[in-house]
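Each chain is listed here by its residues.
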Amino acid sequence: LVPISWLKQYVPVELLPDDLAHLLTLSGTEIGGIRNIGSNWARDKIVVGRVVNVEPHPNADRLNLPTVDIGEEETVTVVCGAANVAPGQKIVFAKEGAVLYNYRSKKLEPLKSTKIRGFNSVGMVSSELELGLSEEHEGILVLPDDAPVGMPLVEYLGDTIFDAEITPNRPDCLSIIGIAREVAAVTGLEVTEPPLDYQVSEEPIESHVTVEA
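For the structure given in this document, a descriptive report is provided here. Residue positions within a chain follow its written sequence, with the count starting from 1. It should be noted that, the model being predicted, local features are given only for residues of pLDDT at least 70 and side-chain atom pairs only at 80 or more, the latter also being counted only at that level, while totals for whole chains, interfaces and linings use all residues. Excluded from the side-chain calculations are hydrogens and water; all other atoms, namely the structure's heavy atoms, are used.

**Observations regarding the pattern of salt bridges**
Worth spelling out the cut-off: Between Lys or Arg on one side and Asp or Glu on the other, a salt bridge is scored when a side-chain nitrogen of the former is within 4 Å of a carboxyl oxygen of the latter. In DSSP terms, a helix is any run of H or I states spanning at least four residues, a strand is any run of E spanning at least two, and both are numbered starting from the N terminus.
Applying the stated criterion across every chain yields a total of 6 salt bridges. With a closest N to O distance of 3.9 Å, D69 and R50 form a salt bridge. Here R50 lies in strand β3 (residues 46–56) and D69 lies in strand β4 (residues 64–69), a separation of 19 residues in the sequence. Among the charged side chains, a network of salt bridges with common partners joins R170, D172 and E182.

The structure is reproduced here in structure tokens:
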């Protein structure tokens with residue numbers, strides 16, 4: 001699996017994914033499939049948010065009311081049933097109208113405002129399943145602490161992934177840098193090799209670990 005964002009760290013290819021996949025397949029590195037992550041994430045509907053605080057729902061023991069900062073000095077309080085939501089988290093906030101996966105209907109559907117136990121919820125804090133990232137839906141997706149609040153999720157996590165079908169005689173292509181070299185070969189671009197230097201500590205390893213025969 002070859003994320004284009006990772007591939008571009010080594011070779012500055014700007015071809016459309018379909019065109020690049022065609023070139024690679026013609027050269028012997030078959031791209032069997034292309035997955036577009038975030039193709040249904042509207043820039044103005046699904047954004048990075050920060051949980052400001054979490055209050056219990058007054059009419060439901062298993063529901064919470066997280067207040068979320070979604071950028072531009074705007075906060076929204078919604079109903080959330082996830083047990084792992086907590087203040088300070090960077091999360092994915094979907095506004096009304098965002099297209100998400102509904103695990104009940106098994107379809108992509110626009111998010112609607114709804115009243116849950118007497119509280120009107122306009123938007124939601126999203127799970128990986130609802131975003132189409134995985135089958136995980138037991139809790140919300142928690143993003144790294146440095147995720148920028150208010151940034152469209154498609155800009156932060158969106159990507160195109162090639163499913164390369166590597167033949168047994170090309171183990172050199174079982175890596176991102178290997179595919180980058182193939183891209184360079186078919187496009188005439190240059191590969192920027194990853195740095196191979198690493199830090200060496202003067203502290204002996206014996207002070208951290210012992211080995212017994």
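**What to know about the environment of P3**
Definition in use: Here the term buried applies to any residue with accessible area under 20% of the maximum for its type, exposed to any over 50%, and partly exposed to those in between, with areas from a 1.4 Å probe on protein chains only.
In this structure, P3 sits in strand β1 (residues 2–3). Among the residues examined, P3 registers a relative accessible area of 18% and is labelled buried. For the pair P3 and I116, spaced 113 residues apart in the sequence, the C-alpha separation amounts to 39 Å.

**Describing the sheet that holds strand β13 (residues 159–165)**
Here is the rule we go by: Here, a strand pair is defined by DSSP locating no fewer than two bridges between the strands. We call two residues in contact when some of their heavy atoms are within 4.5 Å. Between the N-to-C directions of two axes lies an angle of 0 to 180 degrees, each axis being a line fitted to C-alpha atoms and, for a helix, fitted only over the stretch in contact.
The strand order across the open sheet built from 3 strands is β1-β13-β2, with neighbouring strands paired in antiparallel fashion. Sheet topology places β1 and β2 (30–37) at the edges, where each strand pairs with a single neighbour. With 7 bridges joining them, β2 and β13 adopt antiparallel strand pairing. Within β13, the position partnered with N36 by the bridge is T160. Most of the contacts of helix α2 (residues 17–26) go to β2, to which it runs at about 165°, and overall it touches β2 and β13.

**Remarks on the side chain of S121**
Definition in use: Two N or O atoms count as a polar contact when they lie within 3.5 Å, although within protein this holds only if one can serve as hydrogen donor and the other as acceptor, and sequence-adjacent residues are included solely when both atoms are side-chain atoms.
Looking at where S121 falls in the secondary structure, it is placed in strand β10 (residues 119–121). Reaching out from S121, the side chain makes a polar contact with the backbone oxygen of G123 at a distance of 3.3 Å.

**Description of the side chain of T160**
With respect to the helices, strands and loops of the structure, T160 is situated in strand β13. A residue is classified by how much of its surface remains accessible, and T160, at 14% relative accessible area, is buried. Polar side-chain contacts of T160 include one of 3.1 Å to the side chain of N36.

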